[in-house]
Amino acid sequence: MNMKKATQLALGIVTAVGGFFDAGNLATSAQAGASFRFQLVWSLLLGTLLVIFLVEMSGRFAAVTRKALPDAIREHFGFTAWLVPFLVLTLVHFLVLASEIGGICFALHLVTGLPPAVWALPVAVLTWLFLWRSTFGTIENSTSLLGLLTLAFVVAAVRHHPPTGELLAGMLPSLPHHDPAKYWFIAVSILGSVIAPYLFYFYSSGAVEDEWDPSYVNVNRGIAFVGMGFGSLIALGAIVVAAVVLAPRGIEVNDYHQAAMMLTDAFPFWGFVLFAAAMAIACLGAGIEVALAMAYTTAQTFGWNWGEDLDPREDARFCMVYTAAILVSSLLILFGIDPLKLTLVTMAINAAVLPFVAIPFLLIMNDRKLLKEHANGWISNSVAAFLLVLALVLAVVSIPLVIMGGS
Amino acid sequence: MRNFFSLQSSAARGCGAILVFAAVLAACQHKSPEQELLDKADAVGSWIATLQMAGEKWLANSVPTSFVKSTCKEAGRDLDQAAGEAAKSQARPEVRDPLRQLISQAQAAGASLRRAAAANDRPGAAREAGRLSALGRQLEVWKQGLGPP
């Protein structure tokens, strides 16, 4: 492996670690740890395993074909067939973007004391400005390096010396001792937050922006396995901290205020500010990725010019999509929708729409004309088949669980 | 291509099935008034513990005054809602009334904690944190009196 690829691998791993954690991971992990201690760790591990394979597949596809996923799916199945999944995913991405903007606004509320709604428009402008002025490389590297601040959750978890036996037991699925509807709702929401559809579209489009070719297949594999694996450690850290700090006090996370003191036992002076900073940066990074994923998907669906490295004059419609998406999403927060409730429901919907992502994705990954020797092998296909079954089950149970356990 | 369309129409049929499933589940989710009150008590207990922690962390200089104020405000809003629901509950009065009293005391303690933090009254905040701790214990006793969850 030459120096350039080694650097890209290292940067990619940092990006994956820093980019893994967002409002959805924070909300679901805090709720899981506070309400069920370590009992839902299995859900995070399962989600991580699946997302590793899916990210690897989307990167492999982009490296081999030099096409992003939505672009290829539209070409392969036709515009009409892709239109329904595209519209459903756009709606979900819009809610995810609103959740991320809500997360940044709440973090600013923690630091300033001003209501989150006050921050909605300034945050929207800041996010837009960052996208408008930056290149793909700047966005990728700055947000991911800053995102490493979220490792504070891992450090805090280690400082608390969690009970190893209970933690290991949580890695195996088990039935809840109380509140089964809430347990399954959080389990589904964790899966929805980890297997976020925007991730694959962003990752494959990013690989095209970075001009990957088939020689990057191994770099991609390293990023997917190591980066995503370490990224999930942050979410695990948040579960552990919530389990050790909030659960014994009887605090359940039904409002972000109840999660905000999570780090103050491990870091009495800096914990509160660290939480706010980690939340703001994680949500900003994810918000930018979601807005870009929406613009990539829309531009590729309609065959427009696209690319974060292009001058806005060269891809005006691409820029218009993320501008409109950010503005409209911020209105949800401006109108006072609770950011945590929005995030939790959105994560469950993420899980519900998984078949729309999984089915065309997995069909195309088996196209040997397109991918030749890089088409899915039996391991990837076994995981894919499992994912497909899981996606269908999640699609059936997630909405009823929102009604029963998401209140 | 045809496979993809047939998958999509299956997905549409699936969506219909999900809605029916959701409606049936929602209809089947019948709980006794006491059970509903117990569920509400969990949220009340969580807010009491949150307020207590916020007070203690403020005394330890781990959180700013603005956070204590906004947490007390949010808690007050949820406790008001819980109080309203408890008042309308069909549960037996001997079960319902002690909870209503606890919620009302928690509302008062939250408001006092907010005032104490705003006035930088540290002994007052410590007193309210202690009061919230006692309320948390009383709530546990009330829940145990209702039997296993």
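Reading the values: the criteria
Residues numbered from 1 in each chain as written. Chains lettered and ligands numbered in written order. Predicted model: local features only at pLDDT ≥ 70, side-chain atom pairs only at ≥ 80, totals over all residues. Heavy atoms only, no water. Helix = DSSP H or I, 4+ residues; strand = E, 2+ residues; numbered from the N terminus. Buried < 20%, exposed > 50% of the residue type's maximum accessible area, 1.4 Å probe, protein only. Contact = heavy atoms within 4.5 Å. Areas by Shrake-Rupley, 256 points an atom, 1.4 Å probe, with all protein chains shown as cover. Patch = residues over 30% accessible without salt bridge, like charges linked within 9 Å, V, L, I, M, F, W, Y side chains within 5 Å. Salt bridge = Lys/Arg side-chain N within 4 Å of Asp/Glu carboxyl O. Buried area = accessible area lost by both parts, 1.4 Å probe. Polar contact = N/O pair within 3.5 Å; in protein donor to acceptor, adjacent residues only side chain to side chain. Nonpolar A, V, L, I, M, F, W, Y, C, P; charged D, E, K, R; others polar. Core = buried A, V, L, I, M, F, W, Y, C linked by side-chain atoms within 4.5 Å. Disulfide = S-S within 2.5 Å.

Visitor: Before we go on, may I ask you to explain the overall build of chain B in this structure?
Guide: When helices and strands are counted, chain B shows five helices and zero strands. In sequence order, chain B lays out its α and β elements as α-α-α-α-α. Within chain B, buried positions represent 39% of all 149 residues. A sequence separation of at least 24 residues applies to 75% of the contacts in chain B between residues at least 6 apart. Per element, the accessible surface of chain B, about 7700 Å² overall, is 55% carbon and sulfur.

Visitor: Would you mind showing me how to read a nonpolar patch on the surface here?
Guide: Residues Leu 121, Leu 327, Val 328, Leu 334 and Phe 335 of chain A make up a contiguous nonpolar surface patch of about 460 Å² in total accessible area. Ranked by the residues each element gives to the nonpolar patch, the list is headed by helix 15 (residues 316–334) of chain A, at three residues.

Visitor: Just to check I follow, could you spell out the interface of chain A and chain B for this structure?
Guide: Accessible area lost during the coming together of the parts is what is often quoted as the interface size. Taken residue by residue, the interface counts 35 residues in chain A and 28 residues in chain B. Regarding the contact of chain A and chain B, the summed buried area is about 2900 Å², with carbon and sulfur atoms giving 71% of it. Run the count over chain A and chain B and you get one salt bridge. Taken together, the connections running from chain A to chain B amount to seven residue pairs in polar contact (both at pLDDT 80 or more). Of all the secondary-structure elements, those providing two or more residues to the side of chain A that touches chain B are helix 5 (79–112), helix 12 (217–246), helix 13 (256–259), helix 17 (354–364) and helix 19 (378–405) of chain A. Per-element tally for the side of chain A that touches chain B: the top contributor is helix 5 of chain A, with seven residues. Tallied by class, the residues present in the side of chain A that touches chain B amount to 23 nonpolar, eight polar and four charged.

Visitor: Sorry, what's going on with the nonpolar core here?
Guide: Nonpolar side chains tend to gather and get buried jointly when the protein is soluble and globular. Residues and elements named next belong to chain A. In this structure, Phe 153, Met 262 and Phe 275 are the most contacted members of the largest nonpolar core, which totals 194 residues. Per-element accounting of this core gives the leading share, 20 residues, to helix 14 (residues 271–302). Once you skip the residues sitting within four places of it in the chain, Phe 153 turns out to touch Phe 21, Leu 26, Ile 234, Gly 237, Ala 238, Val 241, Met 262, Leu 263, Phe 275 and Ala 278.

Visitor: What am I meant to see in the state of the cysteines here?
Guide: Simply put, the disulfide is a covalent bond whose two ends are the sulfur atoms of two cysteines. For the structure shown, the criterion picks out zero disulfides over all chains. Of all cysteine sulfurs in the structure, the one in Cys 283 of chain A sits closest to Cys 105 of chain A, which takes part in no disulfide; the separation is 9.5 Å.

Visitor: I would appreciate a short explanation of the environment of Phe 153 of chain A in the present structure.
Guide: All names here are of chain A. Positionally, Phe 153 belongs in helix 8 (residues 152–159). The exposure class of Phe 153 is buried, given its relative accessible area of 1%. Separated by 51 residues in sequence, Phe 153 and Gly 102 place their C-alpha atoms 20 Å apart.

Read these as layout, nothing more, since geometry by itself doesn't imply function.
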